[in-house]
There are 2 protein chains.
Amino acid sequence: MVTLAQLACFIAVAEELHFGRAAERLRMTQPPLSRQIQLLERHLGAPLLDRSSRSVRLTPAGRAFLDDARRILRDTERATLAVRQIGAGTSGTLRIGFTAGSAHSGLQDVLQLARAELPSVAVDLRELVTQKQHEALSEGAIDLGIARPASRPPHLSFRALYEEPFVAAVPVGHPLSSGDEPLPLTALHQINAVMYSPIDSRYFHDLLTRAFSDLGVIPQAVQHLSQIHSMLALVQAGWGLALVPRSATRMRFEGVRYRPLRADVPLKASLELVWRSANDSPALLRLLELLPAPDDDARP
Amino acid sequence: MVTLAQLACFIAVAEELHFGRAAERLRMTQPPLSRQIQLLERHLGAPLLDRSSRSVRLTPAGRAFLDDARRILRDTERATLAVRQIGAGTSGTLRIGFTAGSAHSGLQDVLQLARAELPSVAVDLRELVTQKQHEALSEGAIDLGIARPASRPPHLSFRALYEEPFVAAVPVGHPLSSGDEPLPLTALHQINAVMYSPIDSRYFHDLLTRAFSDLGVIPQAVQHLSQIHSMLALVQAGWGLALVPRSATRMRFEGVRYRPLRADVPLKASLELVWRSANDSPALLRLLELLPAPDDDARP
DNA sequence: TTTCCTTACGCCTATCGTAAGCATA
DNA sequence: TATGCTTACGATAGGCGTAAGGAAA
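Residues numbered from 1 in each chain as written. Chains lettered and ligands numbered in written order. Predicted model: local features only at pLDDT ≥ 70, side-chain atom pairs only at ≥ 80, totals over all residues. Heavy atoms only, no water.

### Brief notes about the overall build of chain A
Alright, step 1. When its secondary structure is counted, chain A shows nine helices and 11 strands.
Alright, step 2. Computed over its C-alpha atoms, the radius of gyration of chain A comes to 32 Å, more than 25% above the 19 Å expected for a compact globule of 300 residues.
Alright, step 3. With respect to the principal axes defined by its C-alpha atoms, chain A has extents near 105 × 40 × 30 Å.
Alright, step 4. Evaluated residue by residue, chain A yields a buried proportion of 47% over its 300 residues.
Alright, step 5. Taking contacts inside chain A between residues at least 6 apart in sequence as the whole, the part at least 24 apart equals 75%. (Helix = DSSP H or I, 4+ residues; strand = E, 2+ residues; numbered from the N terminus. Rg over C-alpha atoms; globule rule 2.2 N^0.38 Å. Buried < 20%, exposed > 50% of the residue type's maximum accessible area, 1.4 Å probe, protein only. Contact = heavy atoms within 4.5 Å.)

Spelled out as C-alpha cells, the structure:
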C-alpha cells in the first residue's frame, strides 16, 4: 500500500528536483529516499520522476500526481487537527435545552462562557420544559439541559447552576405598589394573584404553594399560567400581582412595578445543569469543567 | 505520522463496530488491529472509539474522523488510478500538429486510432506546415507532428505514416478530361497547370519539379498556390489542371474530374510522424506503439 | 574528476501472529 | 462461563544509515 510518508518523500523531491536536498529537508539520507520513491513508483505502476544522474524532472504522470499528493497530505493534516480539537472539546456541537425562564439568567451565563472559551463549538438551542429536557437527555437528543430541580433519575447527572429570590410584580395603582420596603409574604393574604400552572410550571407552582401554606397565607388565584411574560401581561392589565424570579425584572412592562420580598422569605428559584452521565461529548465535558460553582444571587 | 493503513483499520472497525470482524475483513488478527487503533488514537491525541469489552461505539471525534478517513483513502485510490492511467498512456493530453493535406489521410488514421484505443486521452489539434511543426516539437509545444518529409534534425524522431500517388484534377471539357486510361506524366507537357508554391508547399513543389525535369516535361504554370482546395477551385474555373494527392479526391468539386496517373509515374506524396526523441509522454509512446506500419496506397 | 542517483549490506525498529490476561454479561 | 478487547512476547519484514557502484558533464 502507498504510504503517506512516501507521498511526503515524493513532494519533497518534486519540489527540490534534487534527491540530496530533498533528503536533507526530510531529515534523512539520500539512499532510503531513493528507495521510497522507487517503491512508490512500483506501487503506482508508473514512473513519476525522470532522473538522469545529472538532472531530476517530473514525468507527466508525476506532475499530475504531485497535486494529488499535496492535497492528500493537506487533507490528512486538516483531519488530524479537527479530531484533536473535537477530542479536546474545543470543537464540535453542543445541543442545549433550556426552560423559558432560564433565558434571563442561567442560559446567558452558559452561552457567554461557551462563546468565550469554546468559540469553535457550535451551540444548538431548544426551549424545553424540565421534563422534556430529561427525556431529550435520555434519548441523546440534547447534550445539556438547563432545568428546574425535579426528579433525579440515576442515569442523569446534575449540578446547581443558579439560584435567585423572587420579587413581586405589582400593577401601578395597586395598594401594594407604593412603598419602598421589602414585602413580607403575608402581605399577599387574600390578594388577587396570577399563579403558576400546576402542570406546565409544576416547579414554581409547588414551590409557591408550599411557601404559602407553611405561613398560612392564602392568595386569591385569578389565573394559572406557565409563561412568565404572560403572567406579567395580566399584572399589567390589573388582574393582580405575581411572584416572579428576580431575573424576570429584565423584562420591563409599562405600568408594572417590581418590589423585592423580605430577606426572610424562603423562596428561591433554582436552575440546574443536567446531562446524561454516560455522555462522552468532549465539548460537554470541557464546558462542565469550565463552568464555575453558582455565585448565588450576585446579579439582579 | 498517521498512516493510510491505520485509516483503513479505523474505517473497518468503525463500520463493523467489532474488532474481530474488522480484523477478519482486513485479513489480520485482532491484536495488531487493536494496537494500530491505539497508535492512531495516540497520534491524533484523541480517542476515536469507546470500547468496553462488550461493545464498540464511535466517539464524537471518531464520527467526525470517519468521514475524513474515508475521503482520504478514496482520494488516494483515485490518484493512484489516475497516475497508472497516465503512466500507461491511456490518459492525459496529446498535442498533435498536422499539415492541411494530412487532414484527408494520415491525420484521420491517427485520430481514429487514438479515439478507439486511448479514449481517455484528450487530443489537441493544430494545423501547421511542416517547418512550423518541427519548431513546435523542438519547443515542446506539440507532442506529435504529421508532416511532409523535410530536414531531419537529430533531436527529432521520424516514422513513415502514409504514402499515396498523385492524380490529375482536370476541368470537364479540357482535352485531357476524356478517356479512362491512366495518364502518363508526359501528357502534361506544355499544358496549363496550377502548381505548388515553392515556399509554403515546398515539399510538393520540389517533388513535382524534380519529376518533370527528370522527364524533360515542362508544364505551363499558370499559378502557384499552397492550399489544395484553392488549386482545385482554379481547376474548376478552367485555368488548367493540377496534380494532387489521391486523398484529395475526397473533395468533390463540380466540374472537376480526377484521372489517375500511370503506375510508372514516380510521384508519391508521403506523410511522416515526427516527435521529439526526448519526449517521455506516455500517451505519445503508447500511440506510437499502437500505430501500425504504413499500408501504402490501400486507400483512395 | 566531480556530482549525484542507485545498489549493497548490516542494524534496528515496528508489525505481525500466537498465547495469555482480564473485564463484562 | 463465554465473548471479546488488551497485553505480552518471539519472529520477521521493512526502513534507515553507511559504504561502494556507476553514469554524465
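### Some thoughts on the protein's contact with DNA strand D
Alright, step 1. As a matter of local geometry, DNA strand D sits amid 18 residues, with A:T29, B:S34, B:Q38, B:R51 and B:R54 nearest to it.
Alright, step 2. The backbone of B:F19 places a nitrogen or oxygen atom 3.1 Å from a phosphate oxygen of DNA strand D.
Alright, step 3. Of all elements in the fold, only α3 (30-44) of chain A together with α2 (19-25) and α3 (30-44) of chain B reach the threshold of two or more residues within the surface near DNA strand D.
Alright, step 4. Examining the composition of the surface near DNA strand D, we find that four residues originate from one element, α3(A), more than from any other.
Alright, step 5. Per-class residue counts for the surface near DNA strand D are seven nonpolar, eight polar and three charged. (Near = heavy atom within 4 Å. Polar contact = N/O pair within 3.5 Å; in protein donor to acceptor, adjacent residues only side chain to side chain. Nonpolar A, V, L, I, M, F, W, Y, C, P; charged D, E, K, R; others polar.)

### Some details on the relation of the copies chain B and chain A
Copy one and copy two of the chain differ by a rotation about an axis and a translation along that axis.
Alright, step 1. Mapping chain B onto chain A calls for a screw motion: a turn of 180° about the axis and a shift of 0.3 Å along it, with 0.6 Å RMSD after fitting. Each copy turns onto its partner about a two-fold axis.
Alright, step 2. Here 100% of the contact residues of chain B are again contact residues in chain A; the copies associate through an equivalent surface. (Least-squares fit on C-alpha atoms with pLDDT ≥ 70 in both.)

### A few points about the nonpolar core
Alright, step 1. Among the nonpolar cores identified, the biggest contains 58 residues, and A:F10, A:L49, A:F65, B:F10, B:L49 and B:F65 are the most heavily contacted of them.
Alright, step 2. The contacts of B:L49, once residues within four sequence positions are left out, are B:F10, B:V13, B:F19, B:I37, B:E41, B:V56, B:R57, B:L58 and B:T59.
Alright, step 3. Ranked by size, the runner-up nonpolar core spans 39 residues in total, among them A:M195, A:A211, A:V217 and A:A242. (Core = buried A, V, L, I, M, F, W, Y, C linked by side-chain atoms within 4.5 Å.)

### A closer look at the side chain of B:E164
Residues and elements named next belong to chain B.
Alright, step 1. Looking at where E164 falls in the secondary structure, it is placed in strand β6 (residues 156-171).
Alright, step 2. An unpaired buried charge is present at E164: no salt bridge exists, and R148, the closest side chain of opposite charge, is 5.0 Å distant.
Alright, step 3. Looking at E164, its side chain comes within polar contact range of the main-chain nitrogen of S247, at 2.8 Å.
Alright, step 4. Sequence-distant contacts of E164, defined by excluding residues within four places in its chain, comprise S105, P245, R246, S247, L267, K268 and A269. (Lys, Arg positive; Asp, Glu negative; His and termini not counted. Salt bridge = Lys/Arg side-chain N within 4 Å of Asp/Glu carboxyl O.)

### What to know about helix α1 (residues 4-16) of chain A
Residue and element names in this part refer to chain A.
Alright, step 1. Between its terminal C-alpha atoms α1 stretches 18 Å, which fits the 18 Å expected from 13 residues at 1.5 Å a residue.
Alright, step 2. Summarising burial for α1: 10 of the 13 residues are buried, a large majority.
Alright, step 3. Among all positions in α1, only L4, Q6, L7, A8, C9, F10, I11, A12, V13 and A14 are buried.
Alright, step 4. The first or second residue beyond α1 is L17, which carries a positive phi of 55°. (Expected span 1.5 Å × (residues − 1).)

### Some remarks on the pattern of salt bridges
Alright, step 1. Inspection of every chain in the model, using the stated rule, returns 38 salt bridges over all chains.
Alright, step 2. A salt bridge links A:R70 to A:D67; the nearest nitrogen and oxygen atoms lie 3.9 Å apart. With a gap of three residues between them, A:R70 and A:D67 both fall in helix α4 (residues 60-88), about one helical turn apart.
Alright, step 3. Judged by relative accessible area, which is 27%, A:R70 ranks as partly exposed.
Alright, step 4. The residue B:R25 makes a salt bridge to B:E16 at a minimum N-O spacing of 3.0 Å.
Alright, step 5. Through salt bridges with shared partners, a single ionic network connects A:E15, A:E16, A:R21, A:R25, A:D67 and A:R70.

### Structural notes on the layout of surface pockets
Residue and element names in this part refer to chain A.
Alright, step 1. Considered as a void within the structure, the largest pocket measures approximately 740 Å³ in volume.
Alright, step 2. What lines the largest pocket is a set of 28 residues, among which V129, T130, D200, S201 and R202 lie closest to the centre.
Alright, step 3. Sorting the residues of the lining of the largest pocket by element identifies α6 (130-139), α7 (202-215) and α8 (228-236) as the ones contributing at least two each.
Alright, step 4. The biggest single contributor to the lining of the largest pocket is α7, with six residues. (1 Å grid on protein atoms, 1.4 Å probe; cavity = no way out; pocket = protein on both sides within 12 Å on 5 of 7 lines; lining within 4 Å. Points joined across faces, edges and corners; volume = space filled by probe spheres on them.)

### Quick word on the interface of chain B and chain A
Accessible area lost on assembly of the parts is the figure often given for the size of an interface.
Alright, step 1. Contact residues are listed per partner, giving 31 residues for chain B and 31 residues for chain A.
Alright, step 2. Taken over both partners, the interface formed by chain B and chain A buries close to 2,600 Å², and the fraction arising from carbon and sulfur atoms is 65%.
Alright, step 3. Inspection of the region where chain B meets chain A yields four salt bridges.
Alright, step 4. Between A:D68 and B:R78 there is a salt bridge, and its shortest N-O distance comes to 3.0 Å.
Alright, step 5. Counting every contact that joins chain B to chain A gives eight residue pairs in polar contact (both at pLDDT 80 or more). (Buried area = accessible area lost by both parts, 1.4 Å probe.)

### Observations regarding the packing of aromatic side chains
Residues and elements named next belong to chain B.
Alright, step 1. Applying the stated criterion across every chain, the model contains eight aromatic pairs over all chains.
Alright, step 2. An angle of 80° between the planes, with centres 5.6 Å apart, marks the rings of F166 and F204 as edge-to-face. Here F204 lies in helix α7 (residues 202-215) and F166 lies in strand β6, a separation of 38 residues in the sequence.
Alright, step 3. Given a relative accessible area of 7%, F204 falls into the buried group. (Phe/Tyr/Trp six-rings, centres within 6.5 Å; stacked < 30°, edge-to-face > 60°.)

### A word on the confidence of the model for chain A
Regions with low pLDDT carry predicted coordinates that are not meant to be interpreted in detail.
Alright, step 1. Looking at chain A as a whole, the pLDDT averages 90, with 97% of positions reaching at least 70.
Alright, step 2. The model gives residues 296-300 of chain A a pLDDT under 50, and that stretch makes 13 contacts with residues more than four places away or in other chains. (pLDDT = per-residue confidence, 0-100.)

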